[in-house]
Amino acid sequence: MKQFKTESKRILDLMINSIYTNKEIFLRELISNASDAIDKLKFISLTDDKVISDFSINISVDKDARTLTVEDDGIGMTEKDLEKNLGTIAESGTLAFKKENEGKTDSELIGQFGVGFYSAFMVADKIQVFTKAYGSETGYKWESEGVSGYDIVEYAKEGVGTKIVLYLKPDTDDEKYSEFLEEYKISSLVKQYSDYIRYPIKMMTTHTVKKEGTPDDKPEYEQVQELTTLNGMVPLWKKPKSEVNKEALDEFYKSEFHDYLAPIKGVYAKIEGAITYDTLLYIPSKAPFDYYSKDYKKGLKLYSNGVMIMDKCEELIPDYFGFIRGVVDSSDLNLNISREILQQDRQVKAIANSLEKKISSELKKMLENEREAYENMFKEFGLSIKFGVYAGFGYNKDKLKDFLMFYSSKKEKLVTLSEYVKEMAPGQDKIYYACGESYEKIARLPQIEKAKDKGYEILYFKDGVDEFVAKILNDYDGKKFASVTEADFSASDDSEKAKLDQKSTEFKGVLDFIKESLGDKVKEVKLSLNLKSHPVCLSSGGEISIEMEKTLNAMPNSDKKVKADKVLEINAEHKVYEKLKGLFDTDKELLKKYAVVLYSQARLLSGLDVDDVFDFVNAITEIM
Ligand code: ADP
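So, here's what we can say about the structure. (Residues numbered from 1 in each chain as written. Predicted model: local features only at pLDDT ≥ 70, side-chain atom pairs only at ≥ 80, totals over all residues. Heavy atoms only, no water.)

1. Digging into the site of the ligand
Right, so step 1: Taken together, the residues surrounding the ligand are Asn-33, Ala-34, Ala-37, Asp-72, Met-77, Asn-85, Leu-86, Gly-116, Phe-117, Thr-162 and His-258.
Right, so step 2: Taking Phe-117, its main chain carries an N or O atom lying 2.7 Å from an oxygen atom of the ligand.
Right, so step 3: Taken together, the elements giving at least two residues each to the shell around the ligand come down to helix H2 (25–45) and helix H3 (79–87).
Right, so step 4: The leading source of residues in the shell around the ligand is H2, at 3 residues.
Right, so step 5: Across the shell around the ligand, the residue classes break down as 5 nonpolar, 5 polar and 1 charged. (Near = heavy atom within 4 Å. Polar contact = N/O pair within 3.5 Å; in protein donor to acceptor, adjacent residues only side chain to side chain. Helix = DSSP H or I, 4+ residues; strand = E, 2+ residues; numbered from the N terminus. Nonpolar A, V, L, I, M, F, W, Y, C, P; charged D, E, K, R; others polar.)

2. Focus: helix H16 (residues 494–518)
Right, so step 1: The end-to-end C-alpha distance of H16, which contains 25 residues, comes to just 31 Å, noticeably less than the 36 Å that a straight helix rising 1.5 Å per residue would cover.
Right, so step 2: The largest bend along H16 reaches roughly 65° and is located at Phe-507.
Right, so step 3: Inspection of H16 places Glu-496, Leu-500, Lys-503, Phe-507, Val-510, Leu-511, Phe-513, Ile-514 and Leu-518 among the buried residues, and these make up the whole buried set.
Right, so step 4: Where H16 is buried, its residues contact helix H14 (448–453), strand E20 (524–528), strand E22 (566–571), helix H18 (575–586) and helix H19 (588–605). (Expected span 1.5 Å × (residues − 1). Bend = angle between axes of the 7 residues up to and from the residue. Buried < 20%, exposed > 50% of the residue type's maximum accessible area, 1.4 Å probe, protein only. Contact = heavy atoms within 4.5 Å.)

3. Describing the packing of aromatic side chains
Right, so step 1: The tally for this structure, following the rule as stated, stands at 31 aromatic pairs.
Right, so step 2: With a centroid separation of 4.8 Å and 45° between ring planes, the pair formed by Trp-237 and Tyr-303 is classed as tilted. Residue Trp-237 is found in the loop between strand E8 (221–229) and helix H7 (246–257), and its partner Tyr-303 is found in strand E11 (residues 300–304); the two are separated by 66 residues along the sequence. No difference in accessibility class separates Trp-237 from Tyr-303, as the two residues are buried.
Right, so step 3: Aromatic rings pair up to connect Tyr-291, Tyr-292, Tyr-296, Tyr-320, Phe-321, Phe-323, Phe-381 and Phe-403 into one cluster.
Right, so step 4: In this structure, Lys-241 is placed above the aromatic ring of Tyr-268, and the distance from its NZ or CZ to the ring centre is 6.0 Å.
Right, so step 5: The cationic tip of Lys-312 hangs over the ring face of Tyr-296; the distance from NZ or CZ to the ring centre is 5.9 Å. (Phe/Tyr/Trp six-rings, centres within 6.5 Å; stacked < 30°, edge-to-face > 60°. Lys NZ or Arg CZ within 6 Å of the ring centre and 35° of its normal.)

4. Observations concerning the pairing of E11
Right, so step 1: Most of E11 is tucked away, with 5 of its 5 residues classed as buried.
Right, so step 2: The pairing of E11 with strand E12 (residues 307–313) spans 4 bridges and is classified as antiparallel. When the sheet's bridge partners are listed, Tyr-303 is paired in E12 with Met-308.
Right, so step 3: Joining the antiparallel neighbours E11 and E12 is a turn of 2 residues, in which Asn-305 adopts a positive phi near 50°.
Right, so step 4: As judged from the 3 bridges shared by E11 and strand E13 (residues 325–329), these two strands associate in the parallel manner. When the bridges of E13 are listed, Leu-302 appears paired with Val-328. (Pairing = 2+ DSSP bridges.)

5. Considering the sheet that holds E11
Right, so step 1: Spatial strand order, E9-E10-E13-E11-E12: 5 strands in an open sheet with mixed pairing. Looking at strand neighbours, the two that pair on one side only are strand E9 (265–271) and E12, the edges of this open sheet. Strand-to-strand twist of the sheet, defined as the mean angle between neighbouring strand axes without regard to direction, takes the value 10°.
Right, so step 2: Relative to strand E10 (residues 277–283), E9 is paired through 7 bridges, and the arrangement is antiparallel. (Axes fitted to C-alpha atoms, helices over the stretch in contact; angles between N-to-C directions.)

6. A few points about the pairing of strand E3 (residues 124–132)
Right, so step 1: Across the 9 residues that make up E3, a large majority, 7, are buried.
Right, so step 2: As paired elements, E3 and strand E6 (residues 161–168) share 8 bridges and run antiparallel to each other. Residue Ile-127 lies in a different strand from E6, and its bridge partner there is Leu-166.
Right, so step 3: In terms of strand pairing, E3 meets strand E4 (residues 139–144) through 6 bridges, oriented antiparallel. Residue pairing in the sheet places Lys-132 in a bridge with Gly-139 of E4.
Right, so step 4: Here E3 hands over to E4 after 6 residues, with Gly-135 in that stretch at a positive phi of 80°.

Put into structure tokens, the structure is as follows:
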């Protein structure tokens, strides 16, 4: 017996001891897998006459054996496919899974992975999969009774396709699994979840008909079994807009994209013009586990007149909107198009352009009218948009800058740049920001207090890319970005400036001495009025800020050599100022220790490590 991969085991375990009240969705999952498999074979049938293109999905039950069977004549699976697809839940997921999913709740986990085939284990304690792949001589049987593992053996299966047999769990007081053997239940589930599947979903159903030969005025009836198509078969995007409400949009999304959670937003559009197409676009409510890794594949499902050409057509959406999922169907597309040609296809490019406009305008509308949904979108996918601003030396920045949001010190929530600029304090001419690992840490930066006192709203930059975005943007609406850790608030105030100049002259000997004792750890030591309750802070004197130093050094291939020029600022109005002056006259050795402690403290507050722990600890001990 083969073992499931670790991460699959855990999902499987979740399924078996199911957390869902909504167990019935397993049928939707199996049917959409079947439909995907048929999509793939149908595409091949365009160029291979030997494929019979009369596809269907068949459901049958055996009440005595307590089995429910879903069978398709789609592309089938080879032994390798079985191994890869049903033995593991996400090929590349192992590492990401372990790293990022500790401490997540079950439903958050499922939300990221989708439910899929394994959901059948919510209702079945044994599953058999009989399958034969297109172009293959041998068929296989895959069998599993859950976490213990699975077996794959050769099996003489007739015809290409996949047959999945579920052995339903015994009924309990709470759960009547035998319901899934009932005609009415199955047909209503198909209607509810899979009505728009484009291939007939067939099942033998019982009908009452008039007995042949019985007179019309005295009819007799009998029950007959008939193969019936249970679904309407009109793809959702071919329905009139008036028939497509939010619920239908959401259900379609869950079924088509195997997501347990409803999307944040779904849009249905029929575009007519230079190029004509129908589209369904969605913003998922959770970023897939691998979204921010290179393993993630963006793309929309591409159809030509109802025939799927490609499962994930990357060319249709730009990277920064890579989180959008959806379907595009255009009759303007050439069906016999190969993947390579697709990339350069004029029609595909035209659709991509039009889609980008559509997505942009929908996001804009959302921002205006559905603030909460927009913020949720931004929390999950904002990074993607930020990378978009930064990528290609800011090539797309003008298109994207109005979609950005940052946390505001004043509003204590996300705001856009245009909102920020509209509410700038009188006399304020810059967009102030502060960087740090978390909002809490930023809020406690020494320089923040003074900026807040001045009545300035400060944007909190928590993501490594944020400051790079600000640098690439340079300004918004003519207002330059400035870091509060670099800003000199006293520069614009004449009386403050005079005070500072005077004190600095007085203090010059002390400043020089501290600079000398710290050596090249700092570029400059100066007095400052940018601080309130804190005695010291670090600012950066050059092009590279302290936050950029952290970000660049944290990158995978960095040799940790990036260094910001650091300026140690000493609060001219703090008691420490007097203390340092005193020591300068009485005990220079102790002043050196003070310098080490203050410098280390400033580093810590900036989110940097103490660079010389030994020195630091010694200095503290001496002072004590
Ligand atoms: P998902 O469908 O979200 O990829 P599943 O766990 O449901 O995840 O299925 C895993 C994979 O197994 C599918 O991507 C598909 O390649 C394969 N598969 C599942 N069901 C079938 C089927 N009926 N025919 C062919 N392949 C299938």
